[in-house]
Structure formats: structure tokens, C-alpha cells
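For reference, the chains in residue letters:
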Amino acid sequence: MKETKYYDGNRIVNTLDLDKQKPAIVMIAGNRTAGKSFWVKKFLVKKFLNRGSKFIVLQRFGYNLTGTADTFIKDLKQIVPEYADFDMTEKVVVKSSINSLYLNGEHCGFCISLNNADSIKKNSTLFVDVDYIFLDEFQSETGKYCPNEIDKFISIYTSVARGKGEQSRYVMALLCSNNVSLLNPYYYSLGVASRIQKDTKILRGHGWVLELVFNENASQAMVQSGIGRAFANSDYIKYSSENVYLNDSDTFIEKPTGDCRLLCVIDWENETYGIWQFGNFMYVSRKYDPNFRTRIALDVKSHNKNTVLLKQHNLLYCLFKEYFNCGLFRFQNLRCKEMLFYLIGY
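Residues numbered from 1 in each chain as written. Predicted model: local features only at pLDDT ≥ 70, side-chain atom pairs only at ≥ 80, totals over all residues. Heavy atoms only, no water.

With respect to the sheet that holds strand 1 (residues 25-30)
Spatially, 9 strands are ordered 3-4-5-2-6-7-1-9-8 in an open sheet, and the strand pairing comes out mixed. Each edge of the open sheet is held by one strand with a lone partner, namely strand 3 (88-94) and strand 8 (202-204). Averaged over all pairs of adjacent strands, the angle between their axes in this sheet comes to 20°, without regard to strand direction. In terms of strand pairing, strand 1 meets strand 7 (residues 172-178) through 6 bridges, oriented parallel. Residue pairing for strand 7: valine 26 is matched across the bridge by leucine 174. (Pairing = 2+ DSSP bridges. Helix = DSSP H or I, 4+ residues; strand = E, 2+ residues; numbered from the N terminus. Axes fitted to C-alpha atoms, helices over the stretch in contact; angles between N-to-C directions.)

The structure is reproduced here in C-alpha cells:
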């Protein structure tokens, strides 16, 4: 089947989750300029025009709200002929938290700040007729997320899904992104990263589904563009044109061979890791001895009577940093690598 120029999300929005139910969260991720966000916006406008279904556009911070209406409709007006004369405007409802959106003068939904989840909760009655939530760039290229972003996302979804005589009604949250990092908070919280394989196209979980997109037309357009040719060897162009993750690297993801011994057990973010020595190499894995005497906490939440809170410049810290700088660390997976980066301050 010949690939269309732009992405078509009809398959994923009709995909059931692992429990054979409609998923609350539909994620779409892939190479840049594939048309993922464009398709979602067109889908939301069509649902509003045909059924009166209202939608929410999520922005991370309050200062991102202004101008949402214009950026939402601009490419639709340029590419979809029947939308050429459409107009979208916005009006402040709660400063830095909630703006109303109007399509051709008719109220079609809201733009709200993810970071201001408490304000959204207080005004939840506004959203009783909202059927869709849209978060673009759920994987941040800069790594900048809201503090406790997942908790705030859950709070907002819960606030929106109230009403119509039900404690919880069905609302579809559509999350789009380029492939930035497998370690983003959404993949981590949903257990996505460990299940993705190189040939994964559709992935199902409990309450969520994910489509991984690679659009060949978008890839070739990027590679053949002036900027693509000029910076052909840059990581950013590879991320934009290929199905690779901008902020991830598989470097050092391997297990050394030979005899080993456990050096310490690390507690971090409610997870436990073991740091092992294989000859000249250190190895970080999720395997550990729960009774091992040397147990270290990297954050206050993980600290208890059985742990020692690690401080910079102590003996272990200096040892681990020196080994890493010499290229002598190996890791079970990216999450183990992230833990060591946190430990040594990278």
C-alpha cells in the first residue's frame, strides 16, 4: 500500500487497549514533520463540526496559553481547502490557567495550563461537555516538564472526566510527540520504554495505546532540504529524519562478562538498583541483594533507617564518577543509565 504524504491516525484512535476497552490515553510518536499533530487538530475540528464535541488544548505553562488559537488553526487553514476561511479566537477565563476557544465565533473548547492543575480542579464544571484532550510535544525536546507533571496530568484528566451525571465519563486524551527520549515521564509512568522494540508499530497497555510512526516522505523531505544537507551528520537531523530518539543513546548498554561482586545497592525514585564490579568494569542493573549491607539513597523520599544518603565528593561518588569518565560503566538499560547520571551529577 502506498504511503500517504501525511499521517493518518484513524487506526490508532479506533484501537482497543490490552483490556479490550477504549483507551483513555492515545499516544502518537515518530519522526518530525510526519503530520501527527496536524492530523489530531483536523480530527478535533471535524468532531466539533459534526458532533459538537468540544476539546481541550493542553499547554505546559500559563505563559504558553496566549496565541494558542492562532497556532492551532493556522496550518489547517493553509492545507485544508474547506477550512481556508475558518477563524479561531480565544478569551481569558482564568488568567494563566484557562482560555476559552471559539471556532468561527462558536465555543469549541478550552486551552488550559497543565502546570496549574489546582486551578483546573476548582473550575472543573466548565469542562462537562469536553470529550477530547490534546497535548502536543508530550516529549519535551529541552527536557523541561512541569514539576510532578504526571500527577498534574492525572488531576486534569480526572477534573475533565467528571459531569453529565457520572463520577467518571469517557474522555480521550490524544498525546503527540516527536521521538525525543524513551525516558520521558509518560513512557516511564506507563511502563512503555521497556516494551518498545525496533519494529514496534502499535503498543497496547492498560488504559492506553501507542502508535510509533515513521513517515518516509517527511524523512526524505528533511534529508533533502537545505538545512538537512548542511547538517547531515548532526544528531538533530538524524532525530528529525530517522526513527531515533534525540536525547537517548544506546552507548554502554551491555552486560560485561566474567566474575562479579556487588558493590552497593541504590534506592532512587521508588526503585532499587545494584552496582556490580566485573573486573575493570562497573555494571548497573535492577538486580541486587535486598540484604546487602551497603545501601544508598539518592533522594530524601528513598531515605530510611536502612540507607545512607549519598553526598557529593564522598569516596563512592568520586569512584563512580572516575569510572564513568574513563568509559568503564555498563548498563542494563536506559533507566539504569539515567540513575547513574543523576548520581554523579550529569
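Continuing now.
Digging into the nonpolar core
Core analysis: the largest hydrophobic core is formed by 37 residues, its most contacted members being Tyr187 and Leu210. Ignoring anything within four residues of it in the chain, the contact list for leucine 210 reads Ile12, Met27, Ile28, Ala29, Tyr187, Val192, Ile196, Lys201, Ile202 and Leu203. The next biggest cluster of nonpolar side chains, apart from the first, holds 35 residues, and it includes Phe38, Phe48, Ile73 and Val209. (Core = buried A, V, L, I, M, F, W, Y, C linked by side-chain atoms within 4.5 Å. Buried < 20%, exposed > 50% of the residue type's maximum accessible area, 1.4 Å probe, protein only. Contact = heavy atoms within 4.5 Å.)

Quick notes on the packing of aromatic side chains
Overall, the coordinates contain 16 aromatic pairs when judged by the stated rule. Aromatic side chains phenylalanine 43 and tyrosine 132 sit 5.4 Å apart centroid to centroid with 85° between the ring planes, which places their arrangement in the edge-to-face category. Of this pair, phenylalanine 43 sits in helix 2 (residues 36-51) while tyrosine 132 sits in strand 6 (residues 130-136), placing them 89 residues apart in sequence. The exposure classification of phenylalanine 43 matches that of tyrosine 132, with both residues buried. Taken together, Tyr7, Trp39, Phe43 and Tyr132 form an aromatic cluster joined through their ring pairs. (Phe/Tyr/Trp six-rings, centres within 6.5 Å; stacked < 30°, edge-to-face > 60°.)

With respect to helix 10 (residues 315-325)
What helix 10 keeps buried is the set Tyr317, Phe320, Tyr323 and Phe324. Down the axis of helix 10, the buried side of the element spans an arc of 135°, and every buried residue falls inside it. The exposed residues of helix 10 that point more than 90 degrees off its buried face are Leu315 and Glu322. Residues of helix 10 that are buried in the fold lie against strand 10 (261-268), strand 11 (271-278), strand 12 (281-285), strand 15 (329-331) and helix 11 (334-344). The positive-phi residue at the C-terminal boundary of helix 10 is glycine 327, with phi of around 75°. (Arc of directions from axis to C-beta.)

Some thoughts on the packing of helix 2 against helix 3 (residues 68-79)
At a minimum axis distance of 10 Å, the contact between helix 2 and helix 3 shows a crossing angle of 90°. Regarding the angle of helix 2 to helix 3, the classification is roughly perpendicular. The segment helix 2 lies against helix 3, with Phe38, Lys41, Lys42, Leu44 and Val45 engaging Thr71, Phe72, Asp75, Leu76 and Ile79. Partitioned by chemical class, the residues of the contact of helix 2 with helix 3 number 6 nonpolar, 1 polar and 3 charged. (Parallel < 35°, antiparallel > 145°, perpendicular 65-115°, else oblique. Nonpolar A, V, L, I, M, F, W, Y, C, P; charged D, E, K, R; others polar.)

Some remarks on the packing of helix 10 against helix 11
Look at helix 10 against helix 11: their axes get within 10 Å of each other, and the N-to-C directions meet at 120°. Judged by the inter-axis angle, helix 10 sits oblique to helix 11. As for how helix 10 packs across helix 11, the hand of that crossing is left-handed. Residues Tyr317, Phe320, Lys321 and Phe324 of helix 10 form the contact with helix 11, whose own contacting residues are Leu340, Phe341, Leu343 and Ile344. The residue makeup of the contact of helix 10 with helix 11, split by class, is 7 nonpolar, no polar and 1 charged. (Left-handed = near helix turned anticlockwise from the far one by under 90°.)

Points about unusual backbone geometry
Outside of glycine, negative phi angles account for most residues, and trans bonds account for most peptide bonds. Located in the positive-phi region is serine 96, a residue other than glycine, with phi close to 65°. In this structure, serine 96 sits in the loop between strand 3 and strand 4 (98-103).

Honestly, that's just the spatial picture; any functional story needs more than this.
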